[in-house]
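Working through the structure, step by step
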Amino acid sequence: MAHDLYTASVSATAGAVRSDDGALELEVREATSSQDGSATNPEQLMAAALGSCLLESLKIATSTTGGSDDGVQVQAQVTLAEAEGAGYSARYELSVTLPDAGTDPEAVLQQALSLCPFTKSIDAGSLDVHLA
């Protein structure tokens, strides 16, 4: 039987997010084409969450294959789009660099994707992951 390992708790209020432990406190605004750097937006937060989650999973995967996680990098992009009908949709692109993953970087990537709870929770049709 599975058991919980960790629960993150964040409060979102008008213009800000804050974690219950105080480690995360950010101003948040709607995404615009002219971001001025004064606040983040939900799309940047999602990209950060996806990228960092997959990075940690890649570290685990390389350790099981005898490879090295030196130089491992994930570039994450989240694209907000108008949905057909009401609301919005998002597309996710992750570009992975695995310079010392061993003999089969694609296998390392696939193992990491099977470990990462965030990439597993996204509909496969809106997630594009590739080795750089």
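Our subject is the structure listed above.
Residues numbered from 1 in each chain as written. Predicted model: local features only at pLDDT ≥ 70, side-chain atom pairs only at ≥ 80, totals over all residues. Heavy atoms only, no water.

1. Description of the sheet that holds strand S1 (residues 10-13)
- As summarised here, the arrangement of the three strands in space is S1-S2-S3, forming an open sheet in which the pairing is antiparallel. Edge strands, defined here as strands with exactly one partner in the open sheet, are S1 and strand S3 (25-27). Between one strand and the next, the sheet's axes are offset by a mean angle of 10°, whatever the strand orientation.
- Looking at chain direction, strand S2 (residues 16-19) and S3 are connected through three bridges and run antiparallel. (Pairing = 2+ DSSP bridges. Helix = DSSP H or I, 4+ residues; strand = E, 2+ residues; numbered from the N terminus. Axes fitted to C-alpha atoms, helices over the stretch in contact; angles between N-to-C directions.)

2. A word on the pattern of salt bridges
- As enumerated under the stated definition, the model contains three salt bridges in all.
- In this structure, Arg29 engages Glu27 in a salt bridge whose closest nitrogen and oxygen atoms are separated by 3.2 Å. (Salt bridge = Lys/Arg side-chain N within 4 Å of Asp/Glu carboxyl O.)

3. Brief notes about a nonpolar patch on the surface
- On the surface, Val10, Leu24 and Leu26 cluster together into a nonpolar patch covering about 210 Å² of accessible area.
- Relative to the helices and strands, Val10 resides in strand S1.
- Its relative accessible area of 46% is what places Val10 among the partly exposed residues. (Patch = residues over 30% accessible without salt bridge, like charges linked within 9 Å, V, L, I, M, F, W, Y side chains within 5 Å. Areas by Shrake-Rupley, 256 points an atom, 1.4 Å probe, with all protein chains shown as cover. Buried < 20%, exposed > 50% of the residue type's maximum accessible area, 1.4 Å probe, protein only.)

4. Considering the packing of helix H1 (residues 42-64) against helix H2 (residues 105-115)
- Remark: H1 packs on H2, axes separated minimally by 8 Å, with the N-to-C direction vectors making an angle of 125°. As summarised for this structure, H1 and H2 are arranged oblique, according to the angle between their axes. With respect to the hand of their crossing, H1 and H2 are arranged in right-handed fashion. Here Leu54, Ser57, Leu58, Ile60, Ala61, Thr62 and Thr64 of H1 come into contact with H2, specifically with Val108, Leu109, Gln111, Ala112, Leu113 and Leu115. (Parallel < 35°, antiparallel > 145°, perpendicular 65-115°, else oblique. Left-handed = near helix turned anticlockwise from the far one by under 90°. Contact = heavy atoms within 4.5 Å.)

5. A word on the nonpolar core
- Within the largest apolar cluster, 22 residues are counted, with the highest numbers of intra-cluster contacts made by Leu54, Leu58, Leu94, Val96 and Leu98.
- Put simply, the parts of the chain that give this core at least two residues each are H1, strand S4 (73-82), strand S5 (88-97) and H2.
- The biggest single contributor to this core is H1, with six residues.
- When neighbours within four sequence positions are excluded, Leu58 is seen to be in contact with Val72, Val74, Val96, Leu98, Val108, Leu109 and Ala112. (Core = buried A, V, L, I, M, F, W, Y, C linked by side-chain atoms within 4.5 Å.)

6. Details of the sheet that holds S5
- Read from one edge to the other, the open sheet built from three strands follows the order S4-S5-S6, with strand pairing classed as mixed. The open sheet has two edge strands, S4 and strand S6 (127-131), and neither has a second partner. The mean inter-strand angle of the sheet, taken between neighbouring strand axes irrespective of direction, is 15°.
- Looking at chain direction, S4 and S5 are connected through ten bridges and run antiparallel. Looking across to S5, one finds that Ala81 is bridged to Ser89.
- Here H1 sits on the sheet and contacts S4 and S5; the angle it forms with S4, its principal contact strand, is near 145°.
- Across the sheet, H2 touches S5 and S6, and the angle it forms with S6 is around 145°.

7. Structural notes on the side chain of Ser126
- The residue Ser126 is located in the loop between helix H3 (117-120) and S6 in this model.
- Not counting the four nearest positions on each side in its chain, Ser126 is found in contact with Ala90, Arg91 and Tyr92.

8. Describing the pairing of S5
- Here S4 hands over to S5 after five residues, with Gly85 in that stretch at a positive phi of 90°.
- By the bridge criterion, five bridges tie S5 to S6 in an arrangement that is parallel. By the bridge assignment for S6, Val96 is matched with Leu131.

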